[in-house]
Amino acid sequence: MKRRNLYIGVALAILSITACKPTLDEFTPSAGTKADFSKYIAIGNSLSAGFADGGLYLEGQKVAFPLLIAEQLQKVGGGEFKSPFFSEEQSNGSGYIRLKALVNGQPVTEQVADKLAYRSATPKLLTKYTDPINNLGVPGMRMDMAFAPGIGTAAGNMYFERLLPDGTPPTMDYYTYSTTQNHTFFTFSLGNNDVLGWATNGGVVKINPKTEKPDPTTVLTEVSTFTGLLNKYVTELTKGDQKGVLATIPDVTAVPYFTTVTRELLIAGVNAASPVKVSDIYIKTKNGTRAATNADYFILPFSSAGLLGRTDIPDEQTNVINPYPYGLDPRNGVGDQYVLDVNEAAQVVARVNDFNKTIKSVAASKGLAVADVNAFLTSVKNGIRIDGLAVSAKYITGNGFSLDGIHLTPIGNALMANVFIEAINKTYGAQVPRLNISDFRGVKLP
């Protein structure tokens, strides 16, 4: 199945992760004898679901990396793989953003709001899909959340609620749902959101104004909690000696959401628009207000928030208008929620490293493959050449990441699928064909 479309840059060739690979003459597709691909399921979050451009919609679902893996497994005898696709009539799903134009080299996006799949506006609930499926990816799913009762109710996660039949007991959790699918093989990629929710909120835990309790999606999961739950999950998934692949968690600071809006760009933008020149952007941190450095990460939405330099913004603590230019005066620094500062970034990296040590240890104890997504995406951060062609984490032009700066383009999904396929082949003695990356697009142009 071809998915050729316009994308920025040169089309990429077949991904090769290792230095040594078989030639076309030597490569004969084979499932090997160590794994049974007859019923493959994918457990994961938004990346597994095909979420892209800030939403879940049909085109993204059709290039979700688990589906791409399944298509390659079918070439060596793998079974049918079903996904909870939105219908053509509701193909825009939850809604998403698209690139409307490039103005002076700057992207202008717009929200897609037609052909949506909501059956309820308050609370937001998506059209049900309760047929049997293999792609169990649920946007927003975390390791700790997977064991939480109520997450599949109308008050929980709307993407999980969509998959459960009416009348499902409210105690049904994602862990139980995903481990009772009679699978023979699995991919497992949970844990990103156990770090990402905190990081994308600038290292700030949100407080629910109604309950005055922390929003659990913005809390860093403790290493001990993650370790205990992962061990329980994988023990259950392999109790029938099933094989699978565990994915490491990427360094979230390597994605365009954190690397696009830099201190230098903000200063240059201010100086281009004002006769009064500045040399610093001031940020609020947990240790006080200070000048930002190049080691601090401004989140992608800050660039379009229109806050920098304003003198009419209420103080976050007193709600009184602060007359000093926002972010340009030490008396009115950029809010902590817009910046992952150097200390918070170090916390994120340390937590990701701890989680990945656990993932590799659990995989080794069960004889499972590891798809080292962390290592691959870290190598992409500053740009690499694959088969002589360039791939990077640059926003829009890097081809790998969608417009939300976190999730993947079709090219990114194909690259991700190949990382898993490489792990399958290496660990289980299979020869599953890799995907041809030139069959996929990057960011769709206007």
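Just above, that's the structure.
Remember, predicted model here, so these are calculated numbers, not experimental data.

A. Representation of the overall build of the protein chain in the model. Per the secondary structure count, the protein chain includes 12 helices and 16 strands. With the C-alpha coordinates of the protein chain rotated into their principal frame, the extents come out at 70 × 50 × 45 Å. For the protein chain, the proportion of its 446 residues judged to be buried stands at 53%. Restricting to contacts in the protein chain with at least 6 residues of sequence separation, those with at least 24 account for 73%. As presented, the protein chain carries roughly 19,400 Å² of accessible surface, and 54% of it is formed by carbon and sulfur atoms. Taking the average place of the 41 positive charges on the side chains of the protein chain and the average place of its 39 negative ones, the gap between the two points comes to 2 Å.

B. Structural detail: the packing of aromatic side chains. Going through the model one piece at a time under the given rule, you end up with 19 aromatic pairs. Measuring from ring centre to ring centre gives 5.5 Å for Phe147 and Tyr233, while their planes differ by 80°; the resulting arrangement is edge-to-face. Note that Phe147 is positioned in the loop between β5 (125–126) and α4 (158–161) and Tyr233 in helix α7 (residues 223–237), a separation of 86 residues in sequence. Residue classification places Tyr233 among the buried residues on the basis of a relative accessible area of 0%. Ring centres of Phe185 and Tyr428 lie 5.9 Å apart, and the angle between their planes is 80°; this geometry places the pair in the edge-to-face category. Residue Phe185 is found in strand β6 (residues 185–189), and its partner Tyr428 is found in helix α12 (residues 410–428); the two are separated by 243 residues along the sequence. Look at Tyr428 and you get buried, because its relative accessible area is 2%. Grouped by ring-pair contacts, the aromatic residues Phe37, Tyr40, Phe81, Phe185 and Tyr428 constitute a single cluster.

C. Spotlight on the nonpolar core. With 123 residues, the main nonpolar core has Tyr174, Phe188, Tyr233, Phe258, Phe298 and Ile424 as its most contacted residues. Of all the elements, α12 adds the most residues to this core, at 11 residues.

D. Region of the structure containing the pattern of salt bridges. Within this structure, the stated rule accounts for 18 salt bridges. The partner of Lys239 in a salt bridge is Glu236, with the nearest N and O atoms 2.8 Å apart. Judged by relative accessible area, which is 23%, Glu236 ranks as partly exposed. Where salt bridges share partners, they join Arg119, Lys128, Glu161 and Asp166 into one cluster.

E. Spotlight on the packing of α7 against helix α10 (residues 342–366). Two elements in contact, α7 and α10, have axes whose closest approach is 10 Å; the angle formed by their N-to-C orientations is 25°. With respect to α10, the axis of α7 lies roughly parallel. Helix-helix and strand crossings are classified by hand; for α7 and α10 the assignment is right-handed. Listed contacts from α10 to Val223, Phe226, Thr227, Leu230, Asn231, Val234 and Thr235 of α7 are Arg351, Asp354, Phe355, Thr358, Ile359, Val362 and Lys366. Each residue belonging to the contact of α7 with α10 can be placed in one class, and the counts come to 7 nonpolar, 4 polar and 3 charged.

F. Looking closely at the pairing of strand β7 (residues 243–247). Across the 5 residues of β7, 5 count as buried, placing the element largely inside the fold. Here β7 shows no split at all, with Lys243, Val245 and Ala247 on one side and Gly244 and Leu246 on the other all buried. Direction of pairing for β6 relative to β7: parallel, over a ladder of 4 bridges. Bridged to Thr187 within β7 is Val245. One ladder, built from 3 bridges, connects β7 with strand β14 (residues 369–371); its direction is parallel. Within the sheet, the bridge partner assigned to Leu246 lies in β14 and is Val370.

G. Structural view of the sheet that holds strand β1 (residues 40–44). Reading across the sheet, the 4 strands line up as β1-β6-β7-β14 and stay open at both edges, with parallel pairing between neighbours. What marks the edges here is a single partner per strand, and that holds for β1 and β14. Averaged over all neighbouring strand pairs, the angle between strand axes comes to 20°, with direction disregarded. Against the sheet, helix α3 (residues 65–73) touches β1 and β6, its axis set at about 160° to β1.

H. Representation of the packing of α3 against α12 within the structure. For the pair α3 and α12, the least separation of the axes is 8 Å and the interaxial angle reads 50°. Relative to α12, the element α3 is oriented oblique. Remark: the crossing between α3 and α12 carries right-handed chirality. When α3 is examined against α12, the residues Phe65, Leu68, Ile69, Gln72 and Leu73 are found in contact with a partner set consisting of Asn413, Ala414, Met416, Ala417, Phe420, Ile421 and Ile424. Residues that form the contact of α3 with α12 fall into these classes: 10 nonpolar, 2 polar and no charged.

I. Unusual backbone geometry, seen in detail. Across the junction of Thr122 and Pro123, the peptide omega takes the value -5°, indicating a cis bond. For Pro123, the location among the structural elements is in the loop between β4 (118–120) and β5. A positive phi angle, near 55°, is found at Asp53, a position not held by glycine. Tracing the backbone shows Asp53 in the loop between α1 (46–49) and α2 (58–61). Using a relative accessible area of 10% as the deciding quantity, one classes Asp53 as buried.

J. Highlighting α12. Across its 19 residues, α12 extends 26 Å between first and last C-alpha, which sits within 8% of the 27 Å expected from 1.5 Å per residue. Counting buried positions along α12 gives 17 out of 19 residues, so the element sits mostly inside the fold.

K. Seen up close, the pairing of strand β9 (residues 288–291). Note: strand β8 (residues 282–285) against β9, 4 bridges, orientation antiparallel. The partner of Tyr282 across the bridge, within β9, is Ala291. The loop that links β8 with its antiparallel partner β9 comprises 2 residues.

Each value, and the rule that gives it
Residues numbered from 1 in each chain as written. Predicted model: local features only at pLDDT ≥ 70, side-chain atom pairs only at ≥ 80, totals over all residues. Heavy atoms only, no water. Helix = DSSP H or I, 4+ residues; strand = E, 2+ residues; numbered from the N terminus. Buried < 20%, exposed > 50% of the residue type's maximum accessible area, 1.4 Å probe, protein only. Contact = heavy atoms within 4.5 Å. Areas by Shrake-Rupley, 256 points an atom, 1.4 Å probe, with all protein chains shown as cover. Lys, Arg positive; Asp, Glu negative; His and termini not counted. Charge placed at Lys NZ, Arg CZ, Asp CG, Glu CD. Phe/Tyr/Trp six-rings, centres within 6.5 Å; stacked < 30°, edge-to-face > 60°. Core = buried A, V, L, I, M, F, W, Y, C linked by side-chain atoms within 4.5 Å. Salt bridge = Lys/Arg side-chain N within 4 Å of Asp/Glu carboxyl O. Axes fitted to C-alpha atoms, helices over the stretch in contact; angles between N-to-C directions. Parallel < 35°, antiparallel > 145°, perpendicular 65-115°, else oblique. Left-handed = near helix turned anticlockwise from the far one by under 90°. Nonpolar A, V, L, I, M, F, W, Y, C, P; charged D, E, K, R; others polar. Pairing = 2+ DSSP bridges. Expected span 1.5 Å × (residues − 1).

Distances and angles like these do not, on their own, reveal function.
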